[in-house]
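# Per-entry structural report
Spelled out from the first residue to the last, the chains are:
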Amino acid sequence: MQVNRVWAVYWSATDRTKKIVMAVARAAGEKLGLPVERYDFTLPTARQSAPDFQDDDLVIFGTPTYAGRVPNVLLKYLATVRGNGAAAVPVVTFGNRAFDDSLCELRDILLDNGFHPFAAGAFACEHSFSTTLGAGRPDADDLSEARTLGERAAALLAAVGENTPPIAVDGRSKEERVYYKPRVEGGRVADIRKVKPKTNDLCDCGGLCARICPMGAINPDNVKETTGICIKCGACVKKCPRGAKYFDDPDYLYHKTDLEETYQRRAVNRLYLA
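Presented here is a report on the structure given in the accompanying data block. (Residues numbered from 1 in each chain as written. Predicted model: local features only at pLDDT ≥ 70, side-chain atom pairs only at ≥ 80, totals over all residues. Heavy atoms only, no water.)

## Overview of the overall build of the protein chain
- Helix and strand content of the protein chain: seven helices and nine strands.
- In terms of overall dimensions, the protein chain has a C-alpha envelope of 55 × 40 × 35 Å along the principal axes.
- For the protein chain, the residues scored as buried account for 51% of the 274 residues in total.
- When contacts within the protein chain are restricted to residue pairs at least 6 apart in sequence, long-range pairs at least 24 apart make up 80% of them.
- Accessible area of the protein chain: about 12800 Å², with a carbon and sulfur share of 49%.
- Charged side chains in the protein chain number 37 positive and 35 negative. The centres of these two groups are separated by 3 Å. (Helix = DSSP H or I, 4+ residues; strand = E, 2+ residues; numbered from the N terminus. Buried < 20%, exposed > 50% of the residue type's maximum accessible area, 1.4 Å probe, protein only. Contact = heavy atoms within 4.5 Å. Areas by Shrake-Rupley, 256 points an atom, 1.4 Å probe, with all protein chains shown as cover. Lys, Arg positive; Asp, Glu negative; His and termini not counted. Charge placed at Lys NZ, Arg CZ, Asp CG, Glu CD.)

Written out as structure tokens, the structure reads:
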């Protein structure tokens, strides 16, 4: 396949998926002697359209893993993104637990939308709930692996064509996929979907949290009000320079602590190359 453009396309609330995707894309671009164009669809306004991909594009396409899957709030938008024959490298990040079915789900979405997914990767990052679970990741070693994926994917492009089978990755079939359900003390399933962040007295009302919320859920006129859906992405908590945003829901905190205690090991990244 002849490629004339390299794209970095991503949803990244706390910039970790962005770092991985950009490392993959830049390495591929350098290998191919091409600049990298980017499309960040994290904010709601960016999800009103999508780039016009063509069959001479290489698209590094990244999302985080939420509950073991592609974030369900993105599915409607992702269904509108057309590949038109572009080569694609699906990339997912995960919060040091596991990526479960997210990578195979993203691969299938891209395949169904007219992309040719021929390589893929899953990378451990700091969890959106925590500063200790996967702390500091992606680090230098992770970014080195991301660059390796980009370089090797670029080298494989010459053999990619319409009849190239989609890259095989770990994960279950469409019919078997389920969402990861956290359990709290006593084995009860914790439903934290309606949990929303609180705001403490350190807030200086600069309004940053409202501007960066991927769901547009924080009232810019009163940032203590979360008027829309909160997906617990961590953007408002981790990016507030005053440390004014926090969660205090007991099930959320139990789940956070359980993850931090259970998954202290360094999770391994996975590269998939034909």
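Once the structure has been displayed, the description carries forward.
## Quick word on the packing of helix α1 (residues 16-32) against helix α4 (residues 140-156)
- The N-to-C vectors of α1 and α4 enclose an angle of 40 degrees; their axes lie 7 Å apart at closest approach. Here α4 runs oblique to α1, going by the angle between their axes. Crossing of α1 against α4: the hand is right-handed. On α4, the residues touching K19, I20, A23, V24, A27, A28, K31 and L32 of α1 are D142, L143, A146, R147, L149, G150, E151, A154 and A155. (Axes fitted to C-alpha atoms, helices over the stretch in contact; angles between N-to-C directions. Parallel < 35°, antiparallel > 145°, perpendicular 65-115°, else oblique. Left-handed = near helix turned anticlockwise from the far one by under 90°.)

## Focus: the nonpolar core
- Among the nonpolar cores identified, the biggest contains 38 residues, and F41 and F61 are the most heavily contacted of them.
- If you list the elements that add at least two residues to this core, you get β1 (5-10), β3 (57-64), α2 (75-78), β4 (87-94), α3 (102-112) and β6 (119-124).
- Broken down by element, this core gets its largest block of residues, five residues, from α3.
- Ignoring any residue separated from it by four or fewer positions in sequence, one finds F61 in contact with V9, F41, L78, V81, V89, P90, V91, L106 and L110.
- Grouped together as the second largest cluster of nonpolar side chains are 27 residues, A25, V89, V91 and F118 included. (Core = buried A, V, L, I, M, F, W, Y, C linked by side-chain atoms within 4.5 Å.)

## Quick word on the packing of aromatic side chains
- The tally for this structure, following the rule as stated, stands at nine aromatic pairs.
- A centroid spacing of 6.0 Å and a plane angle of 90 degrees characterise the contact between W11 and Y66, whose relative ring orientation is edge-to-face. In this pair, W11 is assigned in the loop between β1 and α1 and Y66 in the loop between β3 and α2, connecting sequence segments 55 residues apart. You'll find W11 and Y66 in the same group, each marked buried.
- Site record: aromatic cluster; members linked through ring pairs are W7, F41, F53, F61, Y77 and F115.
- Taking the ring centre of Y179 as reference, the NZ or CZ of R69 above it sits at 4.3 Å.
- The ring of Y180 carries R97 above its face, with NZ or CZ at 3.7 Å from the centroid. (Phe/Tyr/Trp six-rings, centres within 6.5 Å; stacked < 30°, edge-to-face > 60°. Lys NZ or Arg CZ within 6 Å of the ring centre and 35° of its normal.)

## Some thoughts on the side chain of D57
- With respect to the secondary-structure elements, D57 resides in strand β3.
- A distance of 2.8 Å separates a polar side-chain atom of D57 from the backbone nitrogen of Q54.
- Among residues more than four places away in sequence, those in contact with D57 are V3, R5, W7, D52, A86 and A87. (Polar contact = N/O pair within 3.5 Å; in protein donor to acceptor, adjacent residues only side chain to side chain.)

## A few points about α1
- Between the first and last C-alpha of α1 there are 25 Å, a value that for 17 residues agrees with the 24 Å anticipated at 1.5 Å per step.
- The set of residues buried in α1 consists of R16, T17, I20, V21, M22, A23, V24, A25, A27, A28 and G29.
- Directly after α1, the chain includes G33, whose backbone phi takes a positive value near 70 degrees. (Expected span 1.5 Å × (residues − 1).)

## Some details on α3
- A large share of α3 lies buried, amounting to nine of its eleven residues.
- Listed in full, the buried residues belonging to α3 are S102, L103, C104, E105, L106, R107, D108, I109 and L110.
- Turning to α3, the residues buried within the fold contact β3, α2, β4, β5 (116-117), β6 and β9 (270-273).
- Two residues or fewer after α3 comes G114, characterised by a positive phi angle close to 90 degrees.

## Brief notes about the pattern of salt bridges
- Here the structure, examined in full by the defined rule, presents 18 salt bridges.
- Across the pair D57 and R5 runs a salt bridge, and its minimum N-O distance is 2.7 Å. One end of the pair, D57, is in strand β3; the other, R5, is in strand β1, and 52 residues separate them in sequence.
- For D57, a relative accessible area of 0% puts it in the buried group.
- Between R172 and D101 there is a salt bridge; the shortest N-O distance is 2.8 Å. Placement of the pair is R172 in the loop between α4 and β7 (198-199) and D101 in the loop between β4 and α3, with a sequence separation of 71 residues. (Salt bridge = Lys/Arg side-chain N within 4 Å of Asp/Glu carboxyl O.)

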